[in-house]
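# Structure at a glance
Now for the letters of each chain:
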Amino acid sequence: NYEAATLLLENSADPNMHNLAGLSVLLLAAEAGHIKMLTLLLDAGADPNARTRRKMNNTYPLYKAVQSGDPELLKMLLDAGAVIERRVQEPVARR
């Protein structure tokens, strides 16, 4: 919810926080294609290179933006300093 996030950030919430599953709020905004939220978080100082805190999967917001196929999301994250050379560790599918 954009309004709730705005209120929290105005009251010193950390824009780099992660949820209980270890996902950064910036990654969730990128995954959802929520450009307005992504802008809010980046303007508040969110790290565009913050990875998940999951042991099995180190994913970055830029990776989610690539998956979305939205060039505006990509440009926003790159302009904010997202590093392209990051390697993403995908879980190995077991048979």
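## Observations regarding helix α5 (residues 71-79)
- Along α5, the residues classified as buried are Leu 73, Met 76 and Leu 77. Around the axis of α5, the buried residues are gathered within 90 degrees of arc, so they sit on the same side. Exposed and oriented more than 90 degrees from the buried face of α5 are Pro 71 and Asp 79.
- In this structure, the buried side of α5 is in contact with α2 (25-32), α3 (35-43) and α4 (61-68).
- The N-terminus of α5 is capped by Asp 70, whose side-chain oxygen sits 2.8 Å from the backbone nitrogen of Glu 72.
- After α5 finishes, the residue Gly 81 shows a positive phi value of roughly 105 degrees.

## Observations concerning helix α1 (residues 2-10)
- Here α1 has its buried residues at Ala 5, Thr 6 and Leu 9. Looking down the long axis of α1, one finds its buried residues gathered within 100 degrees of arc, a one-sided arrangement. Residues of α1 that are exposed and point more than 90 degrees away from the buried face comprise Glu 3 and Leu 7.
- If you check the start of α1, you find a side-chain oxygen 3.0 Å away from the backbone N of Glu 3, and it comes from Asn 1.
- Ser 12, located one to two residues past α1, shows a positive phi value of around 75 degrees.

## Considerations on the pattern of salt bridges
- If you walk through the whole model with that rule in mind, you get two salt bridges.
- Close ionic contact of Glu 31 with Lys 64 constitutes a salt bridge, the shortest N to O distance being 3.2 Å. Separated by 33 residues along the polypeptide, Glu 31 in helix α2 and Lys 64 in helix α4 bring together distant segments of the chain.
- Overall, Glu 31 belongs to the partly exposed group, its relative accessible area being 44%.
- Among the ionic pairs, Asp 79 bridges to Lys 75, the shortest N-O distance being 2.7 Å. With Asp 79 and Lys 75 both in helix α5 and four residues apart, this pair spans about one turn of that helix.
- Of the residues examined, Asp 79 reaches a relative accessible area of 57% and is grouped as exposed.

Cut-offs used in this document
All chains use their own residue numbering, which begins from 1 and follows the written sequence. Reporting in this predicted model follows two pLDDT cut-offs: at least 70 for local features of residues, and 80 or more for side-chain atom pairs to be given and counted; totals over whole chains, interfaces and linings ignore these cut-offs and use all residues. Side-chain metrics in this entry use all non-hydrogen atoms of the structure; hydrogen atoms and water are not considered. Accessible area is worked out with a 1.4 Å probe on protein chains only. A residue is then buried under 20% of its type maximum, exposed over 50%, and partly exposed in between. Helical segments are the DSSP runs of H or I of at least four residues, strand segments are the runs of E of at least two, and each set is numbered from the N terminus. This arc corresponds to the set of directions leading from the helix axis out to the C-beta atoms. Whether two residues are in contact is decided by their heavy atoms, any of which lying within 4.5 Å being enough. Two N or O atoms count as a polar contact when they lie within 3.5 Å, although within protein this holds only if one can serve as hydrogen donor and the other as acceptor, and sequence-adjacent residues are included solely when both atoms are side-chain atoms. The term salt bridge refers to a side-chain nitrogen of Lys or Arg lying within 4 Å of a carboxyl oxygen of Asp or Glu.

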